[in-house]
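Spelled out from the first residue to the last, the chains are:
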Amino acid sequence: MSDHSEIFSLTGLEISQGLAEGKFSSEEVTQAFISRIKEVDEKVHAFLSYDEDDMLEQAKSSDNRRSTGQAIGPLDGVPVCLKDVISAKGQPLTAASKILENYRSPYDATVTVKLKQAGAVVGGRLNLDEFAMGSSTENSAYGPTRNPWDLERVPGGSSGGSSAAVAARETPLTLGSDTGGSIRQPASLCGVVGMKPTYGRVSRYGLAAFASSLDQIGPFSQTVEDAALLLETISGHDPLDSTSYPASVPGYLNALKGKLEPCKLGLPKEFFGEGMDDEVRKAIDQAIAWYKEQGYEMVEISLPTTDLSVPVYYVIATAEASSNLARYDGIRYTKRSEHSENAIDVYAKSRGEGFGEEVKRRCILGAYGLSSGYYDAYYLRAQKTRTLIRNDFEKAFQKVDAILTPTSPTPAFKFGEKSEDPISMYLSDIYTISTNLAGLPGISVPCGFSENGLPIGMQLIGQAFEEEKLLAIAHAYDRELQYGCKQPNL
Ligand code: GLN
């Protein structure tokens, strides 16, 4: 089979199976996706760049391995594209910022190494909000990504390129990063699966850091099964990331094969109050009804500190960002201002010219929250409140196996609708942020469409390092409903 249109709709596992059965080669698969990118990415703009020759080279190596009986495993020959904050040796990494316009990664991120070792065809740099700050990709210095379901609307963010590329079938699998919702919210808005693993599950070595106590890398795909495969490939302890968890990684994909006994799902009453769009509520109610029919028990729970999560996040995340982004100084990594007359000028002008509005806003806010005299009032207080948020989850998990919520309060919004008002943009992550503050795993699974055809996502939150159970609960639903396999008309 070499008909492109038959290949690019397939899931990662379907491609894997087709390769194993000799239905097509990795080169044909990779070529099919490159053609698809050329066909639709002018409209979608999910990609900042891609290196066609390098991808085809990797595909040929995979085919060679296979022809000599040395195929490595299920990802061998399957394309995976990366958010443009994850290093791949020799490839650009812009973080969608002008300041890194000409930067190329001198080494592979640990996740990139793991993907390459698994034989995946790793290529393609995906758009995002500059330095992963935003919820719409409107903050990309290279222009926004468009939602494949409605080109007038945002794909969500910050990993909007990663979610849109899967939705537009430009690649079967992608990686993104999630600091406050940046995998789950765009997955929800684009109708694909997106998962943030437990803090520490996946190494961040080679990820351009935003807020180091919150950032995690995770997968996007059409199905929960594909997400499980990708997650088990990238997970595990890494001596190069001191925050990575020193434990072995369960076989997530295998864990989905058994039958899961229905368990208890918590519905946090604070999440189901005002602010939720009626159509989102309807889709979530239907998902709840589905689980009940299967014998799952729904338990009302309370997460009383929910309304504190957005303010706490914006103190902690900006503080860490102001410190992490100090390295972009016009001396190392970055473009240097051509208008500087002395050393101070080099720093100030390179940063002033290189960073966009939102990044500047966060660096200033973060530096303020950390400054002497304000540290106790803002940063320290936010850290203490963060502990309360985590305690709320711990209490809830004494009663339930996972928590079910919407992923985003609304389906995809229009360009410009929130970009003038940072607070309204910040509130689009109201359901996802507390998961990061508590360090827990969360997954967004497509659960229906609004009347005008926009995807809606449900979020499932699990206990720390219990991705196996979380994926199994998500897969029980996804295997039957398969909303992520529906394809937009492009
Ligand atoms: N939208 C949130 C922010 O702007 C979350 C971003 C993220 O998870 N990277 O900070």
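Everything here concerns the structure above.
Residues numbered from 1 in each chain as written. Predicted model: local features only at pLDDT ≥ 70, side-chain atom pairs only at ≥ 80, totals over all residues. Heavy atoms only, no water.

Neighbouring residues of the ligand: 15 residues in total, closest Gly180, Ser182, Tyr313, Arg362 and Asp429. In this structure, an oxygen atom belonging to the ligand sits 2.7 Å away from a side-chain N or O atom of Arg362. Within the complex, the protein chains bury 100% of what would otherwise be the 290 Å² of accessible surface of the ligand. Its residues placed into classes, the shell around the ligand shows 5 nonpolar, 7 polar and 3 charged. (Near = heavy atom within 4 Å. Polar contact = N/O pair within 3.5 Å; in protein donor to acceptor, adjacent residues only side chain to side chain. Areas by Shrake-Rupley, 256 points an atom, 1.4 Å probe, with all protein chains shown as cover. Nonpolar A, V, L, I, M, F, W, Y, C, P; charged D, E, K, R; others polar.)

Between Gly157 and Ser158 the backbone carries a cis peptide bond, its omega angle lying at 10 degrees. Relative to the elements of secondary structure, Ser158 occurs in the loop between β3 (121-126) and α6 (160-167). At Ala132, a position not held by glycine, the phi torsion is positive, near 65 degrees. Tracing the sequence through the fold places Ala132 in the loop between β3 and α6. (Helix = DSSP H or I, 4+ residues; strand = E, 2+ residues; numbered from the N terminus.)

A few words on the state of the cysteines. Across all of its chains, the model carries 0 disulfides by this definition. Lacking any disulfide linkage, Cys263 is separated from the closest cysteine sulfur, that of Cys447, by 18 Å. (Disulfide = S-S within 2.5 Å.)

A word on the environment of Phe449. Inspection of the secondary structure puts Phe449 in strand β10 (residues 442-449). Sequence-wise, Phe449 and Lys282 are 167 residues apart; in three dimensions their C-alpha atoms are separated by 9.9 Å. Look past the residues within four positions of Phe449 in its chain and what remains in contact with it is Trp149, Leu454, Pro455, Ile456, Tyr483 and Lys486. (Contact = heavy atoms within 4.5 Å.)

When the charged atoms of two side chains with opposite charge come close together, those side chains can pair. Following the criterion strictly, the structure yields 17 salt bridges and no others. When the shortest N-O distance is used, the salt bridge between Glu101 and Lys335 registers 3.0 Å. In this pair, Glu101 is assigned in the loop between β2 (79-83) and α5 (110-117) and Lys335 in the loop between α11 (309-324) and α12 (343-354), connecting sequence segments 234 residues apart. Overall, the relative accessible area of 41% leaves Lys335 in the partly exposed class. (Salt bridge = Lys/Arg side-chain N within 4 Å of Asp/Glu carboxyl O. Buried < 20%, exposed > 50% of the residue type's maximum accessible area, 1.4 Å probe, protein only.)

Turning next to a nonpolar patch on the surface. A grouping of Ile331, Ile344 and Tyr347 is seen on the molecular surface, where their side chains present a nonpolar patch of about 310 Å² in accessible area. With respect to the helices, strands and loops of the structure, Tyr347 is situated in helix α12. For Tyr347, a relative accessible area of 38% puts it in the partly exposed group. (Patch = residues over 30% accessible without salt bridge, like charges linked within 9 Å, V, L, I, M, F, W, Y side chains within 5 Å.)

Attention now goes to the nonpolar core. By size, the foremost hydrophobic cluster in this structure holds 115 residues, and its most contacted members are Leu115, Phe131, Tyr291, Ile443 and Met458. With 8 residues, the single largest contributor to this core is α11. With sequence-adjacent residues up to four places away left out, Leu115 is seen in contact with Leu75, Val80, Leu82, Ala120, Val122, Leu175, Leu230, Thr233 and Ile234. (Core = buried A, V, L, I, M, F, W, Y, C linked by side-chain atoms within 4.5 Å.)

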